[in-house]
Amino acid sequence: MIEFRKVTKRFGANVILDEVDLDIEAGEKVVLIGPSGSGKSTLLRCINALETIQGGDLLVDGMSVRGGRSEVRTIRQEAGMVFQQFNLFPQLTALQNVAFGPRRVRGTPKREALEQARELLAKVGLANRADHYPGELSGGQQQRVAIARALAVRPKVMLFDEPTSALDPELRQEVLQVMQALAEGGMTMIVVTHEIAFARMVGTRLIFMEKGKIAVDGPPAELIDNPANPRLREFLQHVH
Amino acid sequence: MDFSWSVIWDAMPALLAGARLTIYITVVGLLGGLVLGAVAGLFRAFGPAILNAIAFAYVELIRGTPIVVQVMFIYFALPVLAQIRIDPLTAAILAIIINAGAYIAEIVRGALLSVDKGLREAGLALGLPFWKVLVFVIGPIAFRRIIPPLGNQFIVSLKDTSLFIVIGVGELTRQGQEIMAANFRAVEIWTAVAIIYLIMTGTLSFALRVLEKRMRIL
Ligand SMILES: Nc1ncnc2c1ncn2[C@@H]1O[C@H](COP(=O)(O)OP(=O)(O)OP(=O)(O)O)[C@@H](O)[C@H]1O
Ligand SMILES: [Mg+2]
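Summary of the structure given here. (Residues numbered from 1 in each chain as written. Chains lettered and ligands numbered in written order. Predicted model: local features only at pLDDT ≥ 70, side-chain atom pairs only at ≥ 80, totals over all residues. Heavy atoms only, no water.)

Bringing the overall build of chain A into the picture now. A tally of regular secondary structure across chain A gives 9 helices and 10 strands. By the compact-globule yardstick of 18 Å for 240 residues, chain A fits well, its C-alpha radius of gyration being 18 Å. Within chain A, the fraction of its 240 residues that count as buried is 57%. A fraction of 64% describes how many contacts in chain A between residues 6 or more apart in sequence connect residues 24 or more apart. (Helix = DSSP H or I, 4+ residues; strand = E, 2+ residues; numbered from the N terminus. Rg over C-alpha atoms; globule rule 2.2 N^0.38 Å. Buried < 20%, exposed > 50% of the residue type's maximum accessible area, 1.4 Å probe, protein only. Contact = heavy atoms within 4.5 Å.)

Residues and elements named next belong to chain B. A grouping of Phe 3, Trp 5 and Val 187 is seen on the molecular surface, where their side chains present a nonpolar patch of about 330 Å² in accessible area. One can find Trp 5 in helix α1 (residues 5-46). Judged by relative accessible area, which is 64%, Trp 5 ranks as exposed. (Patch = residues over 30% accessible without salt bridge, like charges linked within 9 Å, V, L, I, M, F, W, Y side chains within 5 Å. Areas by Shrake-Rupley, 256 points an atom, 1.4 Å probe, with all protein chains shown as cover. Salt bridge = Lys/Arg side-chain N within 4 Å of Asp/Glu carboxyl O.)

Moving on: the sheet that holds strand β2 (residues 14-24) of chain A. Residue and element names in this part refer to chain A. Spatial strand order, β2-β1-β4-β5: 4 strands in an open sheet with antiparallel pairing. If you trace the sheet from one side to the other, it starts and ends with β2 and β5 (63-64), each paired once. The sheet contact formed by strand β4 (residues 55-60) and β5 spans 2 bridges and is antiparallel. Bridge pairing in β5 places Leu 59 opposite Ser 64. (Pairing = 2+ DSSP bridges.)

A word on the interface of chain B and chain A. The partner chain A presents 22 residues to the 20 residues of chain B that form the contact. Together, the buried faces of chain B and chain A total about 1,800 Å²; carbon and sulfur atoms form 65% of this surface. It is Ala 125, Leu 126 and Phe 136 of chain B that lose the most area in chain B upon contact with chain A, and together they represent 32% of the buried surface on that side. Along the contact surface separating chain B from chain A lie 1 salt bridge. Put simply, Arg 45 of chain A and Glu 121 of chain B hold a salt bridge, and the shortest N to O gap is 2.6 Å. Along the contact surface separating chain B from chain A lie 4 residue pairs in polar contact (both at pLDDT 80 or more). Among the secondary structure elements, those contributing two or more residues to the side of chain B that touches chain A are α5 (117-125) and α6 (130-160) of chain B. (Buried area = accessible area lost by both parts, 1.4 Å probe. Polar contact = N/O pair within 3.5 Å; in protein donor to acceptor, adjacent residues only side chain to side chain.)

As structure tokens, this is what we get:
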């Protein structure tokens with residue numbers, strides 16, 4: 001589904017991703033952890049070409065992020081993204097936010113798009129907030145709308161970049177529950193998070209990044225309970 | 001000093017004709033200025049290097065010179081340079097278009113760049129081409145932020161038309177000047193002229209405040 005082949009990302013002279021090789025199969029729930037600045041967000045953003053790569057190749061469903069514009073747009077439609085800061089469109093209601101992708105990307109007729117959006121909002125538990133503007137919603141509600149917005153384009157993989165980091169602790173659970181339900185529904189997911197409990201329970205694979213490289217890659221429960229890598233052990237002690 | 005109402009009464013038809021011309025120059029000039037400013041502002045914010053540079057040069061040239069010099073150039077120098085005759089009214093309207101366009105370009109550029117980068121990325125991440133992100137995400141948000149500074153520019157441009165007295169356009173200030181030259185009633189005439197300007201700018205301010213209220217600023 002997603003293939004990193006010696007992917008190198010540089011900002012100026014700084015190497016952010018250093019010849020990363022990584023294969024992710026459909027249905028996997030990959031949790032990415034690692035110290036700040038290790039390149040987690042960058043790795044995620046390379047997948048949907050929000051960052052361009054300078055070396056190697058990265059294929060999503062057989063398409064290259066280094067392909068043409070229309071290839072990149074197709075990749076983006078197949079890889080939905082959820083941001084730390086939600087990034088909902090403030091001029092649109094929750095419902096319009098969710099209907100936005102289908103309408104503007106897929107050209108779905110308005111009525112159909114709104115109907116689908118209503119169903120998706122119900123799925124994330126926000127049927128009664130459809131006509132609220134983002135500014136009128138709590139952080140947790142906004143993030144759930146953002147998840148619904150990404151799902152509306154019917155992606156094959158969902159990318160989450162610290163989806164709960166901007167939320168107060170008491171609002172995190174509602175977002176994590178939506179993500180868990182999504183995982184149980186079979187969605188392929190790559191999640192950058194510090195929620196170790198979520199990684200253990202929902203993840204099928206844990207990746208620990210360090211200085212632009214994948215340092216550890218394996219089953220979450222094992223790695224969390226018995227981290228062999230000393231730096232992973234130290235990292236886990238800090239986030240716990 | 002005796003304040004004579006009849007002087008104002010007699011001058012009114014001419015002053016109102018002047019006010020009409022002032023409004024005409026302002027409205028047509030600002031419509032043109034909006035188009036020019038939107039395009040130049042867009043180039044400044046997201047345009048390719050060459051168009052960005054051209055827009056930058058235009059804005060700096062206009063902001064760095066007085067509007068009186070600009071209209072004099074259009075009216076007196078352009079015919080010499082390009083062998084085209086321009087009547088005073090056209091020169092006045094052109095001056096507003098070019099002058100307001102430059103300031104509006106800066107307003108548009110600022111508003112476009114003030115829109116959170118995360119929103120642009122959210123639009124792109126859905127698979128939209130950049131132009132659609134511009135039309136459906138950045139544009140609508142920037143538009144709301146443009147209204148207040150734009151209103152300010154409208155008022156400035158309206159008052160700037162009084163400077164076209166230098167090329168003899170019969171707008172409000174010029175009318176006042178001519179009547180004054182004939183009857184020497186400075187107090188009455190300039191009071192009346194000032195009040196007519198106030199009514200025009202006041203109406204504009206009021207309309208903009210209503211628009212601002214009706215539109216949520218994001
Ligand atoms: N636009 C940019 N320009 C220059 N350097 C950047 C840019 N974006 C990220 N970087 C650098 O790339 C490195 C990796 O950043 P990245 O955001 O991927 O880290 P991260 O693992 O997500 O960290 P965090 O946990 O803090 O979110 C950092 O050193 C950062 O300073
Ligand atoms: Mg990050």
